[in-house]
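Observations on the model geometry
The lines below spell out each chain.
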Amino acid sequence: MRSLVLGAVIAAVSLSAAGAQEATSVAVAARDAAAQTSRTEPAVRKVFVCDNHDLTRRSFARSYGAIEFVTADEAVKPDAVWTAPKCMRSSEHMRLQRLKFASR
């Protein structure tokens with residue numbers, strides 16, 4: 001009985017070590033894939049359609065930091081890069097859609 005329990009414990013320990021090693025290799029592979037993807041894909045520029053009310057400003061600042069409004073011309077530039085999301089008025093958003101449609 002004792003040898004059966006000891007055998008089961010040894011098997012469990014060896015399986016957990018193999019599982020941990022496999023999990024580590026999967027995590028390393030995922031990290032490498034994420035690094036590869038971030039090098040090849042352009043940065044995402046998030047733009048939200050916002051109004052200029054006080055509640056909107058406070059909510060946006062709480063979620064993303066200081067509120068900054070951009071124009072359609074600024075958002076369509078290929079070299080424009082920003083890390084935090086920015087806001088755009090609805091009229092500028094309509095203009096941005098027209099600019100995107102015209103460039104196709």
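Right, let's walk through the structure included here. (Residues numbered from 1 in each chain as written. Predicted model: local features only at pLDDT ≥ 70, side-chain atom pairs only at ≥ 80, totals over all residues. Heavy atoms only, no water.)

Right, let's talk about the packing of aromatic side chains for a bit. For the structure on display, the rule yields three aromatic pairs. When the ring of Phe 48 is compared with that of Tyr 64, the centres are 5.3 Å apart and the planes differ by 25°; the resulting orientation is stacked. Here Phe 48 is found in strand β1 (residues 47–49), whereas its partner Tyr 64 is found in helix α2 (residues 54–64), with 16 residues between them in sequence. Classification of Phe 48 as partly exposed rests on a relative accessible area of 31%. According to the relative accessible area criterion, Tyr 64 is partly exposed, its value standing at 39%. By the ring-pair criterion, three or more aromatic residues cluster together here, those being Phe 48, Phe 60 and Tyr 64. Sitting over the face of the ring of Trp 82, Arg 45 holds its NZ or CZ atom 5.8 Å from the ring centroid. Its end group placed over the ring of Phe 69, Arg 89 keeps NZ or CZ at 4.3 Å from the ring centre. (Phe/Tyr/Trp six-rings, centres within 6.5 Å; stacked < 30°, edge-to-face > 60°. Helix = DSSP H or I, 4+ residues; strand = E, 2+ residues; numbered from the N terminus. Buried < 20%, exposed > 50% of the residue type's maximum accessible area, 1.4 Å probe, protein only. Lys NZ or Arg CZ within 6 Å of the ring centre and 35° of its normal.)

What follows is about the state of the cysteines. Tallied over the full model, the rule gives one disulfide. Disulfide pairing is shown between Cys 50 and Cys 87; the S-S distance is 2.2 Å. Taking the torsion about the sulfur-sulfur bond, which here is approximately -65°, the covalent link between Cys 50 and Cys 87 counts as left-handed. One end of the pair, Cys 50, is in the loop between β1 and α2; the other, Cys 87, is in strand β2 (residues 86–88), with 37 residues separating them in the sequence. Like Cys 87, Cys 50 is buried. (Disulfide = S-S within 2.5 Å.)

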